Amino acid sequence: MSLCFAVDRTLGTLAKWLRILGYDTLYEADACSREFYARLEDRRILITRTKKIQKAFASHNHVFIRSAFLVEQLKQVVDQIGINPADIQLFARCIHCNLPIDEVNKNDVYGLVPDYIWQTHDAFNRCRQCERIYWSGSHGERALELISQLFN
Ligand SMILES: [Zn+2]
């Protein structure tokens with residue numbers, strides 16, 4: 001079964017990066033708090049940096065984040081949950097909607113991305129909800145650099 005997460009509102013950047021790594025990540029600021037905590041299905045791992053929330057959900061599967069820095073936060077999640085590099089599916093999910101994105105034909109995105117991007121890339125994906133278009137360069141270099149820091 002694939003991992004999924006629920007991230008509290010103080011950890012927006014971490015939530016975004018968990019989505020970039022391919023994980024189904026519910027982010028508190030996308031919903032109201034009551035709805036967010038009501039939707040904490042058992043299998044969703046809670047990620048929080050808030051002591052009060054950690055206490056309230058102590059029996060729930062959770063990660064209590066100690067660092068204020070993204071790389072250390074991600075590393076803590078990777079280490080504590082036991083994520084392997086092979087588990088990661090880079091750019092499989094929309095950063096904004098948290099939905100899987102679909103491959104699209106290069107010709108279908110002509111005019112929808114900057115010309116130099118269209119000319120220099122062959123693979124594009126699109127979110128079925130917000131219709132944002134992703135390509136390997138969207139966050140590519142930063143992501144690969146980050147991943148190399150996580151797993152060395
Ligand atoms: Zn989207």
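Residues numbered from 1 in each chain as written. Predicted model: local features only at pLDDT ≥ 70, side-chain atom pairs only at ≥ 80, totals over all residues. Heavy atoms only, no water.

Caption draft 1: Representation of the sheet that holds strand β5 (residues 101-104) in the model. Pairing is antiparallel across the open sheet formed by three strands, whose spatial order is β5-β6-β7. One side of each edge strand has no neighbouring strand; the edge strands of this open sheet are β5 and β7 (133-135). Each neighbouring strand pair of the sheet contributes to a mean axis angle of 35°, computed without reference to strand direction. By the bridge criterion, four bridges tie β5 to strand β6 (residues 124-127) in an arrangement that is antiparallel. The residue bridging Val104 from the neighbouring strand is Phe124, located in β6. (Pairing = 2+ DSSP bridges. Helix = DSSP H or I, 4+ residues; strand = E, 2+ residues; numbered from the N terminus. Axes fitted to C-alpha atoms, helices over the stretch in contact; angles between N-to-C directions.)

Caption draft 2: Summary view of the packing of aromatic side chains. Overall, the coordinates contain five aromatic pairs when judged by the stated rule. With 5.5 Å between their ring centres and 80° between their planes, Phe5 and Tyr23 make a pair best called edge-to-face. With Phe5 in strand β1 (residues 4-7) and Tyr23 in the loop between α1 (12-20) and β2 (24-27), this pair connects stretches of sequence that are 18 residues apart. Residues Phe5 and Tyr23 agree in their burial class; the two are buried. Taken together, Phe36, Tyr37 and Phe57 form an aromatic cluster joined through their ring pairs. Residue placement shows Lys106 over the ring face of Trp118; its charged tip is 4.6 Å from the ring centre. (Phe/Tyr/Trp six-rings, centres within 6.5 Å; stacked < 30°, edge-to-face > 60°. Buried < 20%, exposed > 50% of the residue type's maximum accessible area, 1.4 Å probe, protein only. Lys NZ or Arg CZ within 6 Å of the ring centre and 35° of its normal.)

Caption draft 3: Structural view of the state of the cysteines. Tallied over the entire structure, the rule returns zero disulfides. Take Cys4: it sits in no disulfide, and the sulfur closest to it among the cysteines is that of Cys94, at 17 Å. According to the relative accessible area criterion, Cys4 is buried, its value standing at 3%. (Disulfide = S-S within 2.5 Å.)

Caption draft 4: Expanded view of the coordination of the zinc ion. Distances from the zinc ion to its protein donors, Cys94 (SG), Cys97 (SG), Cys127 (SG) and Cys130 (SG), fall within 2.3 Å. Of note is the zinc ion, whose four donor atoms meet at the metal with angles of 104 to 114° in an arrangement that counts as tetrahedral. Motif for the zinc ion, donor spacing along one chain: C-x2-C-x29-C-x2-C. (Donors = N, O, S within 2.8 Å, 3.2 Å for Na, K, Ca; no water. Tetrahedral: all angles 85-135°; square planar, octahedral: opposite > 155°, others 65-115°.)

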